[in-house]
Structures are given as C-alpha cells and as structure tokens.
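# Commentary on secondary and tertiary structure
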Amino acid sequence: MPRKPGPTPLPHYEPSDRALEALRAWQEAVAEEERLRHAARAALAADLKSDPDLPYASVAKHDRVPWTEMTLRGIGKEYGVQPRQPNKAKSTAD
C-alpha cells in the first residue's frame with residue numbers, strides 16, 4: 001500500500017531513568033544558578049547603594065564582576081540604586 005503524502009509520524013520516546021536523572025540534575029543546577037545570579041546582582045547593588053560616589057564603571061572594571069557598566073546600570077535601576085553623578089569630584093572639605 002503506498003504511503004500517504006504528508007509528514008511521517010514520529011515514533012514515541014520515553015526517556016531512560018539515566019536521562020531523566022540527568023535532566024533533573026541539570027534543571028536543579030539551572031535553578032540554583034538563577035538564585036545565585038540574583039544574589040550576586042543584589043550584593044553589587046548593595047555595594048553601590050552604600051557608596052553614592054562609586055561609579056558603575058569602577059564596579060564593572062573589577063576582574064570578578066561579569067557584567068558591563070550598562071548592565072550594572074540596569075541592575076542599579078532594578079534595585080533602586082541612586083543615580084551616579086558623572087565626573088563628580090569627591091568632597092574633601094569635611
């Protein structure tokens with residue numbers, strides 16, 4: 001009997017126990033990465049809040065900070081960091 005035109009139906013697939021365990025572990029790792037990424041973003045925002053004269057560029061330049069100045073500005077906006085004043089000289093008349 002000739003095959004009808006159209007897509008060939010896909011065979012049914014059931015993941016093995018090994019595949020299911022690997023997928024579960026990966027999904028847990030992704031969720032943990034997401035939690036830790038948000039914690040890192042919040043910690044950097046707290047650093048910026050604690051020093052209003054600290055430029056985003058200084059934070060972005062640090063070797064351990066994985067985000068650009070523009071990304072940090074977005075993080076600052078998300079966490080309510082007060083805007084920086086560009087080229088503001090620190091006051092030494094205290």
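Before reading further, recall that the structure is shown in the block above.
Notes on the structure in this doc start here. (Residues numbered from 1 in each chain as written. Predicted model: local features only at pLDDT ≥ 70, side-chain atom pairs only at ≥ 80, totals over all residues. Heavy atoms only, no water.)

### Things to note about the side chain of Arg 41
Within the secondary structure layout, Arg 41 lies in helix H1 (residues 17–50). Using a relative accessible area of 11% as the deciding quantity, one classes Arg 41 as buried. The residues contacting Arg 41, other than those within four sequence positions of it, are Trp 67, Ile 75, Glu 78 and Tyr 79. (Helix = DSSP H or I, 4+ residues; strand = E, 2+ residues; numbered from the N terminus. Buried < 20%, exposed > 50% of the residue type's maximum accessible area, 1.4 Å probe, protein only. Contact = heavy atoms within 4.5 Å.)

### Regarding the packing of aromatic side chains
For any pair of aromatic rings, the description rests on two quantities: the centre-to-centre distance and the angle between the ring planes. Evaluation of the coordinates by the stated rule reveals 0 aromatic pairs. The aromatic ring of Tyr 56 is capped on one face by Arg 84, whose charged end is 5.6 Å from the ring centroid. (Phe/Tyr/Trp six-rings, centres within 6.5 Å; stacked < 30°, edge-to-face > 60°. Lys NZ or Arg CZ within 6 Å of the ring centre and 35° of its normal.)

### What about the environment of Tyr 56?
Here Tyr 56 shows up in helix H2 (residues 56–61). Linking Tyr 56 and Glu 69, residues 13 residues apart in sequence, is a C-alpha distance of 5.5 Å. Once residues lying within four places of it in the same chain are set aside, the contact partners of Tyr 56 are Leu 48, Glu 69, Leu 72, Arg 73, Gly 76, Val 81, Gln 82 and Arg 84.

### Details of the pattern of salt bridges
Evaluated as defined, the whole model comprises 6 salt bridges. With a closest N to O distance of 2.4 Å, Arg 41 and Glu 78 form a salt bridge. With Arg 41 in helix H1 and Glu 78 in helix H3 (residues 69–78), the pair connects residues that are 37 residues apart, well separated along the chain. Beyond isolated ion pairs, a larger network of salt bridges with shared partners links Glu 21, Arg 24 and Glu 28. (Salt bridge = Lys/Arg side-chain N within 4 Å of Asp/Glu carboxyl O.)

### Topic: the nonpolar core
Within the largest apolar cluster, 11 residues are counted, these being Leu 44, Ala 45, Leu 48, Tyr 56, Val 59, Ala 60, Val 65, Trp 67, Leu 72, Ile 75 and Val 81. Beyond its immediate chain neighbours, meaning those up to four positions away, Val 81 contacts Ala 45, Leu 48, Lys 49, Tyr 56 and Gly 76. (Core = buried A, V, L, I, M, F, W, Y, C linked by side-chain atoms within 4.5 Å.)

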